[in-house]
Amino acid sequence: MARPSPLPASAVVAVTVLTLSTGLLTASPAQAATGTITGLAGKCLDVAGANSADGTAVQLYDCNGTAAQQWTVGSDGTVRALGKCLDVTGNSTADGAKVQLWSCSGGANQKWTVTAAHDIVNPQANKCLDVTDNSSANGARAQIWSCTGAANQKWTAPAADGGTTPSAPMAVAPYLYNGWGSPPNPTTITNATGVKWFTLAFVLSNGYCNPQWDGGRALTGGVDQQTVNTVRAGGGDIIPSFGGYSGNKLESSCSSAGELAAAYQKVIDAYGLKAIDIDIEADAYSNPTVQQRTVDALKTVKANNAGLKVYITIGTGQSGPDTSLINRAASSGLTVDAWAIMPFDFGGAGQNMGNLTVQAAEGLKSALKSAYGYGDDQAYRDMGISSMNGITDNNETVTVADFRTILGYAQQHHLARLTFWSANRDRPCTGGPADSCSGVSQSDWDYTRVFAAYTG
């Protein structure tokens, strides 16, 4: 995935604990919060036609930032938009009763509970806010229905305490590279987007199983240490990334799993880490010896570092990833917190990269089910996506709209990881050095803003 070289990445292994910050707005008073309510396919709960008249339909619609999609969740159990309440038509408790906008009355048909499982429940009916017929089409009506746990009943909403519904901590951490490309100041990104965690690339071997930044900069005390200090001063943290496409990899330079685990541990100890990211690309990924060495080293690291979450990220084809590393890990007894795919460099321009990402992710789900015996829900929650913003190495275009598609899929299935290469690229091109911009028309940090809305 992430790498300093503008060459196709064949595969990745990533071990990561990631963070999340949300993009939802907090309202005053503190007992209420205002923002979008997103559901099926990443679309928004919407008041039809932005009409505040009693009886106006409430529906699913593309998120557009209008007042018709700004909902205030209050500690009194109401969910309000345009000055009126989310209301079950006719005070009904029956499956299929439509939901509408209505003057707030304090009635039980206007009371809602936002749960940790991302349901919005009407306690009177003991039923869930539901998208009719599981349709993601614009205009699909909202209704109540017996709670099933299905995707058309899952919502991400502001929380009445001024936060958001419970989220997966450290799920969004864009890659940041200090080696070249006019690296941005992480504080600037945090102030603009709310994202506070960054995956700091790259830790490599100096040729002798000794970890250094880019294989040549001291592990502590230099520009990378300064970035760590800056991010932590802003309330976030960093995830060192081992590897990338170029340079000497620790996984290949170290001669045994024990030596490799010790190299990882040196970096963990130097920074008091909560996470590491191991990015194995090119020939190293396809080498069975290196794969097994990595799996065994990660088992040691997990055993010696309680609370360190392990995320493994690998390259993928359009229908899913090569399963060799997944199967090797499963057969060796290595369980991880998420397997993530890098859904780009498929080859060729003009493709819908959002749809291809979803297609590849479904292939990953099938691979995890096969290797580990997971059910659908557990497989999804053990998955992640590491995309690339803008023009890829193979001249594909991953647009901001594609990121919204990816966000919707991640929200729907509660993926464990959602990140991308890279923060350096998340700005328009102005003739800067390679990989310092996206190559598409955008404003600064547009891609980061999309993923910042992820709530796990």
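Residues numbered from 1 in each chain as written. Predicted model: local features only at pLDDT ≥ 70, side-chain atom pairs only at ≥ 80, totals over all residues. Heavy atoms only, no water.

- Looking at an unreviewed UniProt entry, one finds the protein chain named Chitinase, with Streptomyces coacervatus as its source organism.

### Digging into the sheet that holds strand β8 (residues 113–114)
Move 1: If you trace the 4 strands from one edge of the open sheet to the other, you get β8-β9-β10-β11, paired in antiparallel fashion. Since the sheet does not close on itself, it has two edges, and those belong to β8 and β11 (142–145), each with one partner.
Move 2: Of the strand pairs in this sheet, β8 and strand β9 (residues 120–122) are connected by 2 bridges, and their pairing is antiparallel. Its bridge partner being in β9, Val 114 is matched across the sheet by Ile 120. (Pairing = 2+ DSSP bridges. Helix = DSSP H or I, 4+ residues; strand = E, 2+ residues; numbered from the N terminus.)

### Digging into the state of the cysteines
Move 1: According to the stated counting rule, one finds 5 disulfides in the structure shown.
Move 2: A disulfide bridge connects Cys 85 with Cys 104, and the sulfur atoms are separated by 2.1 Å. Residues Cys 85 and Cys 104 are joined through a disulfide that is right-handed, its torsion about the S-S bond being 100°. On the criterion of sequence distance, the pair formed by Cys 85 in strand β6 (residues 84–88) and Cys 104 in the loop between β7 (99–102) and β8 is long-range, its members being 19 residues apart.
Move 3: With relative accessibility at 0%, the residue Cys 85 sits in the buried group.
Move 4: Here Cys 128 is linked by a disulfide to Cys 147, with a sulfur-sulfur distance of 2.1 Å. On the S-S bond that ties Cys 128 to Cys 147, the torsion sits near 105°, and the link is right-handed. Of this pair, Cys 128 sits in strand β10 (residues 127–131) while Cys 147 sits in the loop between β11 and β12 (175–177); the two residues are 19 residues apart in sequence, bridging distant segments of the chain.
Move 5: The exposure class of Cys 128 is buried, given its relative accessible area of 0%.
Move 6: Here Cys 147 falls in the partly exposed class, since its relative accessible area comes to 41%.
Move 7: Taken in sequence order, the bonded cysteines of the protein chain link in the pattern 1-2, 3-4, 5-6, 7-8, 9-10. (Disulfide = S-S within 2.5 Å. Buried < 20%, exposed > 50% of the residue type's maximum accessible area, 1.4 Å probe, protein only.)

### A few points about the sheet that holds strand β22 (residues 417–421)
Move 1: Pairing is parallel across the open sheet formed by 4 strands, whose spatial order is β17-β18-β19-β22. Among the strands making up the open sheet, the edge pair consists of β17 (311–315) and β22. Along the sheet, successive strands turn relative to each other by an average axial angle of 25°, direction set aside.
Move 2: Taken together, the 5 bridges between β17 and strand β18 (residues 338–342) define a ladder with parallel strand orientation. Across the sheet, residue Ile 314 finds its bridge partner in β18, namely Ile 341. (Axes fitted to C-alpha atoms, helices over the stretch in contact; angles between N-to-C directions.)

### Here's the deal with the nonpolar core
Move 1: Counting residues in each nonpolar core, the largest one holds 87 residues, and the members touching the most others are Tyr 264, Ile 276, Ile 312, Trp 339, Leu 368 and Leu 418.
Move 2: Setting aside chain neighbours within four positions, we find Trp 339 in contact with Ile 312, Leu 325, Ile 326, Ala 329, Leu 364, Leu 368, Tyr 372, Asp 382, Met 383 and Gly 384.
Move 3: One finds Val 79, Leu 101, Val 131 and Ala 157 within the second-largest nonpolar core, a separate group that totals 26 residues. (Core = buried A, V, L, I, M, F, W, Y, C linked by side-chain atoms within 4.5 Å. Contact = heavy atoms within 4.5 Å.)

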